[in-house]
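This is what each chain is made of:
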Amino acid sequence: MSQATTFQVQDGQLIGARQVPSPNFNQRPADTEIQLVVIHNISLPPSQFGGGYIEQFFQNQLDWSVHPYFQTIEGMEVSTHLLILRTGEVLQFVNFNDRAWHAGRSTYLAQKECNDYSIGIELEGSDDLPFEPVQYDVLTQVVACLQQVYPKIQQHIAGHSDIAPGRKTDPGPFFEWNAFRQQLHHFKNK
Ligand SMILES: [Zn+2]
């Protein structure tokens, strides 16, 4: 691990992330404890990186005419709490205390509507390409930080494909679950 931990949570904000507010959120149901992290991948256009289109998309500011693919998602209003770019930079779109719109129809351990009680983390990536090592490093640091603040998450990290099987495939076959879990374990026990 080359970087020191610099992340902390204050009032639902991740200190160390660039704040990029999205209008796409609402309140979590009353008395809902955060108990799950959902890992996703996204790239716009698919399997192309950089360009700033993902953050424009989550801010409802994407110019749909820029690329033919964008027309297939025109008007969609979605968000995530965090996005980890290929460079390792972390962006926060929605406060953790609020409900981001990342999971859609979903079920985790027989509990529906994962958006109600989860934190969504998007990795800039695709189902076709490996993620960057720095993305695993940063994901590890961020999840370790979140687990301290929201202890239920310690037992509950899932992929979008786990909570919406048949409908979603991300984070995809290139996401190295075992390596990530090992890295997280080592990071927390160092
Ligand atoms: Zn997803």
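Sequence order sets the numbering: in each chain, residues are counted from 1 along the sequence as written. Selection of residues for local features in this predicted model requires a pLDDT of at least 70, selection of side-chain atom pairs for listing and counting requires 80 or more, and totals for whole chains, interfaces and linings are taken over all residues.

Q: I'd like a description of the overall build of the chain, backed by residues and values.
A: Each helix is a run of DSSP H or I of at least 4 residues and each strand a run of E of at least 2, with the numbering of both proceeding from the N terminus. In terms of helices and strands, the chain carries five helices and 12 strands. Two things to know: the radius of gyration comes from C-alpha atoms, and the globule rule equals 2.2 Å times the number of residues to the power 0.38. Over its C-alpha atoms the chain spans a radius of gyration of 16 Å, differing by no more than 12% from the 16 Å that the globule rule assigns to 190 residues. Dimensions of the chain, computed from C-alpha atoms along their principal axes, come out at roughly 50 × 40 × 30 Å. Any residue with 12 or fewer other C-beta atoms within 10 Å of its own C-beta is exposed, any with 20 or more is buried, and the rest are partly exposed; the C-beta atoms used are placed from the backbone. For the chain, with 190 residues in total, the buried portion stands at 37%.

Q: Could you give an account of the environment of Val138, with specific residues and numbers?
A: One can find Val138 in helix 3 (residues 133–149). With 24 C-beta atoms counted inside 10 Å, the residue Val138 sits in the buried group. When the C-alpha positions of Val138 and Glu89 are compared, they lie 8.1 Å apart, and in sequence the two are 49 residues distant. Distance between backbone-placed C-beta atoms decides contact: two residues are in contact if it is within 7 Å. In contact with Val138, other than residues within four places in its own chain, are Ile84, Gly88 and Val90.

Q: Before we move on, could you go through the UniProt feature "domain: N-acetylmuramoyl-L-alanine amidase" (unreviewed entry) in the chain and cite the residues and values that matter?
A: Feature annotation in UniProt assigns "domain: N-acetylmuramoyl-L-alanine amidase" (unreviewed entry) to the following positions: residues 22–172. The span residues 22–172 carries 21% helix and 22% strand; its end-to-end C-alpha distance comes to 25 Å. UniProt positions are given in the numbering used here, feature names are shortened, and annotations may be inferred rather than shown by experiment.

Q: Please provide a residue-by-residue account of helix 3, values included.
A: Between its first and last C-alpha, helix 3 extends 25 Å over 17 residues, near the 24 Å set by a 1.5 Å rise per residue. Every buried residue belonging to helix 3 is among Gln135, Val138, Leu139, Thr140, Gln141, Val142, Val143 and Leu146, and all of these are buried. Packed against the buried residues of helix 3 are strand 5 (36–42), strand 6 (82–84), strand 7 (90–92), strand 11 (118–124), strand 12 (157–159) and helix 5 (177–188). An expected span of 1.5 Å times one less than the residue number is assigned to each helix.

Q: An account of the sheet that holds strand 7 is needed here, citing residue identities and associated values.
A: Adjacent strands of a sheet form backbone hydrogen bonds with each other and so pair up, either parallel or antiparallel. Two strands are said to pair when DSSP picks up at least two bridges between them. Strand order in the open sheet made by the six strands is 3-7-6-11-5-12, with mixed pairing throughout. Looking at the sheet topology across the chains shown, the edges are occupied by strand 3 (18–19) and strand 12. Pairing of strand 6 with strand 11, which is carried by three bridges, proceeds in the parallel orientation. Opposite Leu83, over in strand 11, you have Glu122 as the bridge partner. Contacts from helix 3 reach strand 5, strand 6, strand 7, strand 11 and strand 12, with the element oriented near 170 degrees to strand 11. A fitted line through C-alpha atoms serves as each axis, taken over the contacting stretch for helices, and the angle formed by two N-to-C directions is quoted from 0 to 180°.

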